[in-house]
Structure formats: structure tokens, C-alpha cells
Amino acid sequence: MADTRVEGRARAVQLARQGQLEAALAEYQALLKHAPDDAEVRQQVAELLEWLGRTSDAAAAHEAAALAWAKALQPLRAVAACVALGRLGAPASVRARTQAALAERFALCSEACEDGVSGLFSRLGREDFVALVDVLQARAFFPGQPVVQEGEAGASMFVLVEGRADVARALENGERAVVGAVAPGDVFGELALVSEGLRLASVVVTERAVLLELTREALSSVSARQPRVARVVEDFYRRRLVDNLLRSNPLLSRLTPAQKAALSLDFSLRPIAEGEVLLTQGQPGDAFYVLLRGRCTPWLLHPDGRRVALAELHEGDVFGEISLLLDKPVSATVRAEGVGVVLRLPRAAFEKHLLSQPGLKGQLMRMGTERLQRSARVLASGRVLHDGDLRV
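Conventions used here
One numbering rule holds for all chains: residues counted from 1, following each sequence as written. Per-residue local features of the predicted model are confined to residues with pLDDT of at least 70, and side-chain atom pairs are confined, for both listing and counting, to 80 or more; whole-chain, interface and lining totals are unaffected and use all residues. Note: side-chain values were computed over all heavy atoms of the structure, leaving out hydrogens and water. Method remark: on a 1 Å grid restricted to protein atoms, a set of points is classed as a cavity if a 1.4 Å probe fits but cannot get out and as a pocket if it is open with protein on both sides within 12 Å along at least five of seven lines; lining residues have an atom within 4 Å of a point. Grid points are joined across faces, edges and corners, and a volume is the space filled by probe spheres set on the points. The numbering of helices and of strands both runs from the N terminus, where a helix is a DSSP run of H or I of at least 4 residues and a strand a run of E of at least 2. Basically, the charged four are Asp, Glu, Lys and Arg, the nonpolar ten are Ala, Val, Leu, Ile, Met, Phe, Trp, Tyr, Cys and Pro, and anything else, Gly included, counts as polar. Pairing between two strands requires that DSSP report at least two bridges joining them. Residue contacts are defined here by distance: any two heavy atoms, one from each residue, within 4.5 Å place the two residues in contact. In this analysis an axis means a line fitted to C-alpha atoms, helices contributing only their contacting stretch, and an angle means the value between N-to-C directions, from 0 to 180 degrees.

Caption draft 1: Geometry of the layout of surface pockets. One number sums up the size of the largest pocket: a volume of about 970 Å³. Residue lining of the largest pocket: 32 residues in total, with Gly189, Glu190, Leu200, Leu241 and Asn244 positioned closest to the centre. Put simply, the parts of the chain that give the lining of the largest pocket at least two residues each are strand 3 (156–170), strand 4 (176–182), strand 5 (187–188), helix 10 (227–248) and strand 9 (287–293). No other element matches the 5 residues that helix 10 contributes to the lining of the largest pocket. Looking at the lining of the largest pocket residue by residue, the class counts come to 19 nonpolar, 6 polar and 7 charged. Val13, Ala16, Arg17, Tyr28, Gln44, Glu47, Leu48, Trp51, Glu162 and Arg208 are the residues that line the second largest pocket. When residues of the lining of the second largest pocket are traced back to their parent elements, those giving at least two are helix 1 (2–17) and helix 3 (39–51). If you tally residues by element for the lining of the second largest pocket, the top one is helix 3, at 4 residues. Grouping the constituent residues of the lining of the second largest pocket by class yields 5 nonpolar, 1 polar and 4 charged.

Below you can see the structure in the form of C-alpha cells.
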């Protein structure tokens, strides 16, 4: 029987590729008679019915697929199938019924649903779960289609449900280079929910993909009715941003998993306005900062009143640690050149998590002393620093 099902799947896939959608549908429906709980087959039936324009039948099939994915503990696939009901114009009662069934399965669920983006749904109560699912959009893309384009304004976050995509960035010579990949369960574009900045990279689909999209407008709308949704979503992407920082920063990556988990709780996500001064030369330092979006200019005030501009801070740069390390006033003023977003770690948390680690503290102290010495040389010479010469 297993071999028969494998052969049936292969025939169905081949027929669909050849454009014989009715024949492919018949193959998949035959498979369901022997394996009614097969969520993947139910999903294929739903999609074929939708492509054939049989909207009512497609809606019923998507509901069945959503319930099958829920039974298989696949929250992303279940939610995507449920969201399709709105696109197909299913009655509100059907959408509500399916949403309630998924909320019953995944809202505040056990540890089995805590990994990755599934944890976003599992931290919501039932009403909040339904409210969030109701504003999500399911979008399909085909190979070669861009999901987002580098340099365009961003206003939404995406979760890849199925398929694959490449992450590409423009090089100085005008060419594009692939710098990463997106796999099922991956999230991208989350900074667009808190900032109106431009996309930092392009995401282009390499094989047919289905994504869930949450727009800034939709999040604002649902949060007005269910405030906890905004708190849970913000906590989710803040943790992701901090986790990425802890993996990529050469110093912070040395912390143990337990230390990283504790540290991540104390970072806060903060939008910054154009012209906002984050640190002021000569004042006590209040926090350690990571620039996530935007640009900042540090500058030194010369004793004769001249301002000496330092190397511009770009996304991914850190600043503010020197005054915390050496317990001295801030060595340079840092001002935002436009709207942006930073991660902020207060002084007390910096001291608790980082200065308590002997090896890490020693390395930070050496780095801080070297930067202060370079800062003193700049004040003496009046020259402008090059990239990497100084952080404050």
C-alpha cells in the first residue's frame, strides 16, 4: 500500500507539472481515500481546486487541510491554510470555526510548539491567537519573483511557510550577491514593523513559496483591540534581533547559552528620531547600544570649540560601551542622521551580564583603552577617523 501511495503522488506531481490539473486532482483525491489524515495531500487538493476556479470546493478543502496540519502539529502550515479562507471568500462562520479549532490546538500550547516562529503563536491566548490569524495574509510566489526589494520602503514582516528563497544585496560595483538563504520557518523584514526605513536586502524566491505576511497597519489595528498581540509580537522579534546579535558579535558570541538567554531579556528595542542625540560627550553613559537601522554620526568637541566628526556608525555597529567599561564620561556625542532603530542595554544590565565575566571584561577593557587613546590622538590632530577607528 505504501508503494502505491508513493506512485500515486509521483503521478499527481507529474500531471500537475504538465498542466493536467483535473487529472492531478483525481490522483490526489484517490490518495485521500487511503490516507485521509495526510495533510500534504489535502493541501495539494485545496490548491488544485483553487487553480481550477472551484472556489467553494477550494475553501472547504483548505479548511480540511488546516485541520490536518493542526493534527500534525504544523502551526505555520495550518495557519496558512486557514488564512486562505479569507482570500477565497469563505463565510465568516467557516473562518471563525477554523480559527477557533487552531486556537484550541496551538494557543498557549506545550513546549512542543515553542521552537522558532511557532513560539509566537503558542504565547498567545485563544482570543489573541484568533485576532492575529485574522489579519495575516497568505501570499504565493514563484521562482524568480522578489518578495521584497533592497532599497524599497518596508511595511511588513514575512514568515516563509514552504519553499525557498535567496537573500541578495547590491555590491559597490552594481552587481548583486547572494548573502544568505531563507528556509521554511524563517522570518524576515521584522524591523519594518517598528521603523519606516528601507529594506536592507532583496529576498527572491528560488522555488515555489508560500509566505505569511503581517503588515504594520494590520498589527496596529489588531493591537488596538487585543493589546497583548503587540506585546507578544514585539517580544518575539526583539528576541530574534538580540539572538542574531549574540551569534554574530565576536565578543558576545562567547557567552554560554544560559548567559545569552538571561542577557536577551534586558535588551529593549527603541525607535530613534532624526537628529536625536543618544549620547552626549562629557555626560555619564547610560547604556550600551546596537544600531539596527539608520545612521549615526559621532563627533568630538575640541577644547577650542571645533567639532571633529568621526567615522559614521552604520547598521550593526555598537556604541556606548567605553564609558560603561571605564566608568568615565561619554567620550563623544552620537546623533542620529535619520529615523532608525537601536537595541539598548541599560548600564545595570551591562555590568551584571558582561562586566561579571572576567575574560570578556578584560578584552572589553583593552578595546576601550585603545579606542580612548585613538580618540585623544584625533583631538590632538583634528583629523577625521576612518571606518573602524573609534566607537564611543
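Moving on from the coordinates now.
Caption draft 2: Region of the structure containing the sheet that holds strand 7 (residues 268–272). Ordered by their spatial adjacency, 4 strands build an open sheet running 7-14-9-12, and the pairing between neighbours is antiparallel. Across the chains shown, the open sheet's two edge strands, defined by having one partner strand only, are strand 7 and strand 12 (318–319). Across 6 bridges, strand 9 lies against strand 14 (residues 340–346) in antiparallel orientation. Looking across to strand 14, one finds that Leu291 is bridged to Val342. Seen against the sheet, helix 10 touches strand 7, strand 9 and strand 14 and runs at an angle of roughly 95 degrees to strand 7.

So yeah, pure geometry; function would need other evidence.
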